[in-house]
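So the chains spell out like this:
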Amino acid sequence: MTDLAVLQARAMARSAPEPDEGLIVCDNLVRVYRTEGVEVQALQGLDLTVDEGELLAVVGASGSGKSTLLGILSGLDLPTAGRARVARHDLLTMKRRERLDYRRRTVGFVWQQTGRNLLPYLTALENVTLPMGYARIPRAQRAGRAMELLDMLGIADCRNRRPGELSGGQQQRVAIAVAGANTPRVLFADEPTGELDTASGEEVFAALRRTNAELGVTVLIVTHDPAVSEQVRRTVRIRDGRTATEVLRPSAGGAGQDAGGAQEYAVLDRVGRLQLPREYTERYGLHRRVRLTAEPDHLGVWPDRGAGQEPAQDGQDAAPGAGGQEGDEG
Ligand SMILES: Nc1ncnc2c1ncn2[C@@H]1O[C@H](COP(=O)(O)OP(=O)(O)OP(=O)(O)O)[C@@H](O)[C@H]1O
């Protein structure tokens, strides 16, 4: 086995997730910022489960809470309430030492600002070998493993160049190699293509996909760019600090590939709470409580019109389109 394959196998064996849990589990996550007497609820009960090996995008408008979520998942920030676990690490109760180890071995990061990812006075190869020292990877293995990573990401010829001698896209690909240096369980990328043109952005996406496919690293990309979500199978949309909807695509990835058949889902949390998108609650007048009707193959959700007004069977209700909320099939 190559160095890379040995390290990958070791990383996978390190800690398997609970059988019924995802690799990342956020349950009712709340983060309140208090500055000068003003409270901002950045996360308002966010639920998210990510399985090992997934490549997914988290999208949302500016201020929806994406960076706050990433700060918590990366171990930099603490939630106010709720539950957050990544690869069995409880992010709320982790002590300093575990937190440091978590940040060095369990997770890797690629930030939007290329300058934040790499040290300007080190070559690409040196940048990639640097974090291996923190994870105590034997010195003799570091350069070989770093070269394998650079090669996998198509930038082996950049190994002896410093960041200032690389294009933005090449810098981000080196940053992905740095983030993957210690074979983390999860790689978090915060707007990784935000400062790049379309062609360079696509190369960076291809690099993230390869890291996901070849190293088995779970990749979570945070972005406000809707085009990004066309490159991944699953897109989670955050609105007002909550997971609002999810879009699943049967085929995703590769520039220009048809990502047809995309299906939008409402989010069902771990205790069965269903979050209906606001456009539906407004359109069908769903407030405070709704009436549920169990159908053989789906669940009907009806506006509460008071006692004595039973919804008609077979979806023939007086309120146009009031029901027919599809059951959760996915
Ligand atoms: N340190 C902080 N102190 C006070 N409020 C904050 C702090 N960080 C974020 N917020 C507020 O929390 C909310 C969510 O911010 P966050 O940065 O997580 O959103 P975002 O979706 O990442 O936005 P963007 O795409 O612009 O980065 C916003 O209202 C923001 O003003």
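By the naming in an unreviewed UniProt entry, the protein chain goes by ABC-type lipoprotein export system, ATPase component and is assigned to Actinacidiphila cocklensis.

Every regular strand shows the same layout, with side chains that alternate between the two sheet faces. Counting buried positions along strand β3 (residues 55-59) gives 5 out of 5 residues, so the element sits mostly inside the fold. Burial along β3 is two-sided: Leu 55, Ala 57 and Val 59 facing one way and Leu 56 and Val 58 facing the other are all buried. Pairing analysis gives 5 bridges linking β3 to strand β8 (residues 218-223), with the strands arranged parallel. Within the sheet, the bridge partner assigned to Leu 56 lies in β8 and is Leu 220. Bridge analysis of β3 against strand β9 (residues 234-239) gives 4 bridges, and the strand direction is parallel. From the neighbouring strand, Leu 56 faces β9, where its bridge partner is Arg 234.

If you check the shell around the ligand, you find 13 residues, and the closest are Tyr 33, Ala 42, Ser 62, Ser 67 and Thr 68. Tallying contributions element by element places helix α2 (residues 66-73) first for the shell around the ligand, with 3 residues.

A few words on the sheet that holds strand β12 (residues 274-275). Spatial ordering of the open sheet is given by β6-β7-β8-β3-β9-β10-β11-β12, a layout of 8 strands whose pairing is mixed. Because the sheet does not close on itself, it has two edges, and the strands there are β6 (107-110) and β12. In terms of strand pairing, strand β11 (residues 263-268) meets β12 through 2 bridges, oriented antiparallel. From the neighbouring strand, Val 267 faces β12, where its bridge partner is Gln 275.

Conventions and cut-offs
Residues numbered from 1 in each chain as written. Predicted model: local features only at pLDDT ≥ 70, side-chain atom pairs only at ≥ 80, totals over all residues. Buried ≥ 20, exposed ≤ 12 C-beta atoms within 10 Å, placed from the backbone. Helix = DSSP H or I, 4+ residues; strand = E, 2+ residues; numbered from the N terminus. Pairing = 2+ DSSP bridges. Near = placed C-beta within 6 Å.

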